[in-house]
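Reading the structure
What follows is the residue order along each chain.
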Amino acid sequence: MKLMKCCIYTLREKCPQCGARTKTAHPPKFSAADKYGKYRRIAKQKL
Ligand SMILES: [Zn+2]
């Protein structure tokens, strides 16, 4: 199942541009939060 770029940037279940289903396990918001989580872990290890 491939997701077009237009699908990635929509928060709706269906992409308004191509009509494909956009339900993903890892939305962009969670990806960004995960990155910060890794930085926090590294910082804690250094301390
Ligand atoms: Zn799309």
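Residues numbered from 1 in each chain as written. Predicted model: local features only at pLDDT ≥ 70, side-chain atom pairs only at ≥ 80, totals over all residues.

1. Notes on the overall build of the chain
On a plain count of helices and strands, the chain comes out with two helices and zero strands. Among the 47 residues that make up the chain, the fraction classed as buried is 4%. (Helix = DSSP H or I, 4+ residues; strand = E, 2+ residues; numbered from the N terminus. Buried ≥ 20, exposed ≤ 12 C-beta atoms within 10 Å, placed from the backbone.)

2. Structural notes on the environment of Lys2
Mapped onto the elements of the fold, Lys2 is located in the segment before α1 (5–8). Among the residues examined, Lys2 registers 5 C-beta atoms within 10 Å and is labelled exposed. Put simply, Lys2 and Ala20 are 18 residues apart on the chain and 9.4 Å apart in space, counted from C-alpha to C-alpha.

3. With respect to the environment of Cys18
Position of Cys18 relative to the elements: it lies in the loop between α1 and α2 (28–46). When the C-alpha positions of Cys18 and Cys6 are compared, they lie 7.7 Å apart, and in sequence the two are 12 residues distant.

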